[in-house]
Amino acid sequence: MRYTIPSEIDCIDVHNHVHPGRDGQLDRTAAAALLEGCTRLRIRRLCVSNPLTGDQPSPEEVRRANDVVLDALAMSDRFIGFCFVNPGFAREAVAEIRRCVVDHGMRGVKLYHQYLVCDPAQTAVMECAAELGVPVLMHAGKVMDAQTRRLQPRLSNAEHFVRAAAMFPRTTLIQAHIGGGGDWEWNLRHLETRPGVYLDISGSVVDAGIVRRTVAALGADRVCFATDGSLEEGVGKLLAAGLTAPELRLICQGNAERLLRLRRG
Amino acid sequence: MYDIHTAMGHWPFRRVPNQAPDALRRLLEEHGIDGAAVANTHGLFYKNCHDANLELAEAIAPHAGFLTGVATLNPAYAAWERDLAACAEILGLRAVRLAPQYHGYALGDPAAIALVRAATAMGLPIFLPHRVVDVRQRHWLDTEQTTSLGEAVGLCRAVPEARVLVTELAVSAGALRALEGGPVCGNLYLETSRLASCHGQVLAQVVKLMGPEHVVFGSGAPFKEILPAQLKVRHADLTAAERKAVSGGSARRLLGLDRGQSERGNRLPWSHRPS
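Rules of the game
- Within each chain, residue numbers correspond to sequence positions counted from 1 in written order.
- Just so you know, chain letters begin at A and ligand numbers begin at 1, following the order they were written in.
- Note on the predicted model: pLDDT of at least 70 is required for a residue's local features to be given, and 80 or more for side-chain atom pairs to be given and counted; whole-chain, interface and lining totals, by contrast, use all residues.
- With hydrogens and water excluded, all non-hydrogen atoms of the structure serve as input to the side-chain values.
- For helices, the fitted line uses only the C-alpha atoms of the stretch in contact; every axis is such a line through C-alpha atoms, and the angle between N-to-C directions lies from 0 to 180 degrees.
- By definition, any uninterrupted DSSP run of H or I lasting at least four residues is a helix, any uninterrupted run of E lasting at least two residues is a strand, and each is numbered from the N terminus.
- In what follows, roughly perpendicular refers to angles from 65 to 115 degrees, roughly parallel to angles under 35, roughly antiparallel to angles over 145, and oblique to any angle outside these ranges.
- It is the rotation of the near helix from the far one that decides the hand of a crossing: anticlockwise by less than a right angle makes it left-handed, clockwise makes it right-handed.
- In what follows, a contact means two residues having at least one pair of non-hydrogen atoms within 4.5 Å.
- Three exposure classes are used, based on accessible area relative to the maximum for each residue type with a 1.4 Å probe and protein chains only: buried under 20%, partly exposed in between, and exposed over 50%.
- For two strands to be treated as a pair, DSSP must find at least two bridges joining them.
- Classification remark: right-handed applies to a crossover when, strands pointing away from the viewer, the course from the first strand over the helix to the second runs clockwise.
- What counts as buried area is the accessible surface, traced by a 1.4 Å probe, that two parts surrender upon association, with contributions from both included.
- Whenever Lys or Arg places a side-chain nitrogen within 4 Å of a carboxyl oxygen from Asp or Glu, that contact is recorded as a salt bridge.
- Gly is placed with the polar residues, together with every amino acid not listed as nonpolar (Ala, Val, Leu, Ile, Met, Phe, Trp, Tyr, Cys and Pro) or charged (Asp, Glu, Lys and Arg).

1. A few points about the packing of helix 2 (residues 59-75) of chain A against helix 3 (residues 90-103) of chain A
All names here are of chain A.
Step number 1: Taken N-terminus to C-terminus, the directions of helix 2 and helix 3 make an angle of 15 degrees; their axes are 11 Å apart at the nearest point. When the axes of helix 2 and helix 3 are compared, the pair comes out roughly parallel. Both helix 2 and helix 3 take part in a crossing whose hand is right-handed. Across from P59, V62, R63, N66, D67 and L70 in helix 2, the residues of helix 3 making contact are E92, E96, R99 and C100.

This is the structure we're talking about:
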């Protein structure tokens with residue numbers, strides 16, 4: 001039984017987070033602890049964002065949230081930045097993506113549930129991401145319980161992502177956390193015959209077979225390793241999937257390097 | 001390594017592999033696990049859930065010494081007193097699982113308290129699953145109720161001599177410290193599968209707070225992959241003695257398997273087999 005990611009793989013977690021402390025600045029202690037935890041599990045680099053989960057965060061709040069990520073990028077080159085925006089403020093969102101990506105080297109856009117992924121309100125953000133060649137990673141799930149449905153009424157699921165892929169064909173879409181708590185089988189059934197959407201494996205759910213079935217449904221070239229902070233869950237369910245060495249390398253490293261345009265060495 | 005949290009039997013809402021005891025045992029052994037407590041999933045759904053205990057005892061009999069049975073009882077159903085006695089004295093089951101979210105009662109109900117008192121008098125610990133699967137992915141016919149830490153602690157306080165293990169619960173040491181009414185009960189036990197290590201060292205903090213004898217390794221197999229739970233124990237900042245206890249010693253003690261009774265097995269007569 002394998003308990004570690006092979007050392008020859010430069011493993012990239014495409015979905016993780018850093019957070020502010022009480023002073024609004026990066027919580028450096030927590031960020032250092034996250035890096036240390038990832039080191040134990042041989043996760044070398046982490047894509048981090050700081051999304052705001054409220055209904056309509058203002059452009060100023062969004063900018064402050066992204067400044068926390070910039071602090072993380074300055075702290076360690078193991079962090080790869082993803083820029084959070086609220087598409088409801090389209091002009092400001094595009095300017096913020098340009099600031100974070102063009103000026104500060106972030107590699108992706110992170111969206112939360114302010115709008116469905118296929119809402120026309122996403123158009124400016126999606127076109128900007130396509131123009132800059134960065135992927136869009138979006139919070140997602142097919143949730144079946146009343147509480148989560150009430151709290152996240154505009155949560156996107158695979159059906160929405162399929163529509164968005166048709167609406168924004170130039171944009172690379174990553175549907176977040178197949179293990180994020182929703183009906184993952186429902187999501188896989190929607191995505192299995194429709195190319196154009198990537199999936200990350202993060203989330204706390206470690207149902208038997210979840211990664212193996214995800215790879216079987218989408219193919220290894222559309223699946224990205226990620227944890228969303230559930231570190232042992234991410235690594236454990238990945239290693240339990242019985243993947244071939246080439247599949248493991250694609251999921252842990254190759255796909256992320258391609259989507260994020262990271263150069264090796 | 002001993003796994004306190006496994007199951008056999010059919011889960012109706014999703015295909016779960018390795019549901020039969022033979023396959024479950026193979027799976028556990030492949031992961032270096034040399035013993036496990038197992039409950040019968042059917043007990044969540046049968047109205048007369050004791051039939052699931054009869055099935056369980058028969059199914060695990062070939063694996064005596066490896067698989068230890070956990071009864072599922074419903075204090076809101078008829079004749080639980082006789083079923084409890086049969087589980088302990090005839091079937092050789094070593095713990096009682098209560099699932100109020102599936103059986104439709106509250107842990108504070110007099111019958112539930114009476115059952116816990118009676119099981120405790122027989123030396124059986126009580127298992128309380130916080131959930132069986134993540135309710136966010138529930139089947140539309142499945143429950144979305146969970147059993148909370150507060151409800152479990154209420155039971156601990158109502159029956160202080162009981163030993164109550166909560167499975168499938170994610171909790172922080174801070175939440176345990178902040179429990180209303182004082183510090184963590186001395187009769188509360190936690191299963192490890194949802195306690196993080198690499199991100200925050202929650203498992204280690206819970207061990208320091210509750211003591212290693214109150215924190216027991218569990219995987220949730222075959223519903224869940226086993227490796228994540230093993231990684232949590234492997235990467236927890238524990239002493240060697242603490243790790244040994246959490247990995248199996250504490251579970252064996254909780255089930256009374258450290259007292260040379262593991263071979264007791266069941267004494268299931270043919271006439272008691274389910275039809």
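2. What to know about the pairing of strand 3 (residues 67-72) of chain B
When a strand is regular, its side chains alternate between the sheet's two faces.
Residues and elements named next belong to chain B.
Step number 1: Among the six residues that make up strand 3, six are buried, leaving the element largely enclosed by the rest of the structure.
Step number 2: Two strands pair when backbone bridges link them, and strand 2 (residues 35-40) and strand 3 are joined in this way by four bridges, in the parallel orientation. Of the residues in strand 3, the one forming a bridge with A37 is T68.
Step number 3: For the handedness criterion, the β-α-β arrangement of strand 2, helix 2 (residues 50-60) and strand 3 is classed as right-handed.
Step number 4: When strand 3 meets strand 4 (residues 95-97), the two strands line up parallel, connected through three bridges. Paired with T72 across the bridge in strand 4 is R97.
Step number 5: Where the polypeptide runs from strand 3 across helix 3 (residues 80-89) and back to strand 4, its parallel neighbour, the crossover connection is right-handed.

3. Points about the interface of chain B and chain A
Step number 1: Between chain B and chain A, the contact holds 28 residues from the first and 37 residues from the second.
Step number 2: Summed over both sides, the interface of chain B with chain A buries roughly 2900 Å², with 54% coming from carbon and sulfur.
Step number 3: At the junction of chain B with chain A, the criterion picks out four salt bridges.
Step number 4: A salt bridge links E233 of chain A to K232 of chain B, with the shortest nitrogen-to-oxygen separation between them at 2.6 Å.
Step number 5: It is helix 9 (residues 227-234) of chain B that provides the largest number of residues to the side of chain B that touches chain A, a total of six residues.
Step number 6: Its residues assigned to classes, the side of chain B that touches chain A comprises 10 nonpolar, seven polar and 11 charged.

4. Structural notes on the environment of L93 of chain B
Step number 1: The residue L93 of chain B is located in the loop between helix 3 and strand 4 in this model.
Step number 2: Taking relative accessible area as the criterion, L93 of chain B reaches 1% and is therefore assigned buried.

5. Side note on the packing of helix 3 of chain A against helix 4 (residues 123-132) of chain A
Residues and elements named next belong to chain A.
Step number 1: For the pair helix 3 and helix 4, interaxial distance at closest approach is 9 Å and the crossing angle is 25 degrees. Classed by the angle they form, the pair helix 3 and helix 4 counts as roughly parallel. For the crossing formed where helix 3 meets helix 4, the hand is right-handed. Along its contact with helix 3, which presents A90, A93, V94, I97, R98, V101 and V102, the element helix 4 presents A124, V125, C128, E131 and L132.
Step number 2: Split by residue class, the contact of helix 3 with helix 4 holds 10 nonpolar, no polar and two charged.

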